[in-house]
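Here's the letter readout for the chains.
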Amino acid sequence: ESDAGDYTCVCGDKQSTASLAVHALPVLFKEELKNEEVQEGASVSLCCELTKAAPVQWKIGSKVLKASDKYQMRQPGTTAELFIHDLEVKDA
């Protein structure tokens with residue numbers, strides 16, 4: 001999208017100008033989340049991959065998760081990762 005704009009070709013005292021519009025592709029899941037089974041007290045990593053870098057939001061049910069000692073979020077490039085520490089039965 002940052003490449004959109006007016007481009008000009010100049011030759012001597014003549015020029016030709018064209019406007020370029022770039023339409024963004026939708027963000028899709030290249031690799032979706034996978035189900036996990038872990039023991040109480042352990043940690044788990046949930047990971048998905050997007051077709052391009054975009055902000056994500058992690059939820060459990062309708063509750064939005066915030067970074068804390070229990071929840072860590074990372075997003076290197078197109079990969080979104082959620083780490084959950086010290087799992088309890090209620091975290092299922």
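Residues numbered from 1 in each chain as written. Predicted model: local features only at pLDDT ≥ 70, side-chain atom pairs only at ≥ 80, totals over all residues. Heavy atoms only, no water.

1. Details of the overall build of the protein chain
Part 1 of the argument: Scanning the protein chain from terminus to terminus reveals zero helices and eight strands.
Part 2 of the argument: Along the protein chain, helices and strands appear, N-terminal first, in the series β-β-β-β-β-β-β-β.
Part 3 of the argument: On C-alpha atoms alone, the protein chain measures out to a radius of gyration of 22 Å, which is more than a quarter above the 12 Å that the 2.2 N^0.38 rule sets for 92 residues.
Part 4 of the argument: Its C-alpha atoms give the protein chain principal-axis dimensions of about 75 × 25 × 20 Å. (Helix = DSSP H or I, 4+ residues; strand = E, 2+ residues; numbered from the N terminus. Rg over C-alpha atoms; globule rule 2.2 N^0.38 Å.)

2. Quick look at the pairing of strand β8 (residues 79-84)
Part 1 of the argument: Where strand β4 (residues 44-50) meets β8, six bridges bridge the pair, whose relative direction is antiparallel. Paired with Cys48 across the two strands is Ala80, which belongs to β8.
Part 2 of the argument: Here strand β7 (residues 71-74) pairs with β8 via four bridges, running antiparallel. If you follow Tyr71 over to β8, its bridge partner there is Ile84. (Pairing = 2+ DSSP bridges.)

3. Regarding the environment of Asp6
Part 1 of the argument: Position of Asp6 relative to the elements: it lies in strand β1 (residues 5-11).
Part 2 of the argument: Using a relative accessible area of 61% as the deciding quantity, one classes Asp6 as exposed.
Part 3 of the argument: Sequence separation between Asp6 and Leu50 is 44 residues; the distance between their C-alpha atoms is 31 Å.
Part 4 of the argument: Here the side chain of Asp6 touches Ser19 through a polar contact of 3.3 Å, side chain to side chain. (Buried < 20%, exposed > 50% of the residue type's maximum accessible area, 1.4 Å probe, protein only. Polar contact = N/O pair within 3.5 Å; in protein donor to acceptor, adjacent residues only side chain to side chain.)

4. Comments concerning the nonpolar core
Part 1 of the argument: Formed by Val44, Cys48, Trp58, Leu65, Tyr71, Ala80, Leu82, Ile84 and Leu87, the largest nonpolar core amounts to nine residues.
Part 2 of the argument: Every element with two or more residues in this core is listed here: β4 and β8.
Part 3 of the argument: It is β8 that contributes the most residues to this core, three residues altogether.
Part 4 of the argument: Excluding residues within four positions of it along the chain, Leu82 makes contact with Val44, Ser45, Leu46, Trp58, Leu65, Tyr71, Gln72 and Met73. (Core = buried A, V, L, I, M, F, W, Y, C linked by side-chain atoms within 4.5 Å. Contact = heavy atoms within 4.5 Å.)

5. Concerning unusual backbone geometry
Part 1 of the argument: At Asp86, a position not held by glycine, the phi torsion is positive, near 50°.
Part 2 of the argument: Within the fold, Asp86 resides in the segment after β8.

6. Some points on the layout of surface pockets
Part 1 of the argument: As a volume, the largest pocket reaches approximately 460 Å³.
Part 2 of the argument: In this structure, the largest pocket is lined by 23 residues; those nearest its centre are Val44, Ile84, Leu87, Asp91 and Ala92.
Part 3 of the argument: For the lining of the largest pocket, the class distribution of residues is 13 nonpolar, three polar and seven charged. (1 Å grid on protein atoms, 1.4 Å probe; cavity = no way out; pocket = protein on both sides within 12 Å on 5 of 7 lines; lining within 4 Å. Points joined across faces, edges and corners; volume = space filled by probe spheres on them. Nonpolar A, V, L, I, M, F, W, Y, C, P; charged D, E, K, R; others polar.)

7. Comments concerning the pattern of salt bridges
Side chains that differ in sign of charge can pair as their charged atoms come close.
Part 1 of the argument: Under the counting rule described, the total for this entry stands at six salt bridges.
Part 2 of the argument: Between Asp91 and Lys70 there is a salt bridge, and its shortest N-O distance comes to 2.9 Å. Placement of the pair is Asp91 in the segment after β8 and Lys70 in the loop between β6 (63-64) and β7, with a sequence separation of 21 residues. Across this residue pair, the class does not change: Asp91 and Lys70 are buried.
Part 3 of the argument: Across the pair Glu81 and Arg74 runs a salt bridge whose closest N-O atoms are separated by 2.8 Å.
Part 4 of the argument: Judged by relative accessible area, which is 46%, Arg74 ranks as partly exposed. (Salt bridge = Lys/Arg side-chain N within 4 Å of Asp/Glu carboxyl O.)

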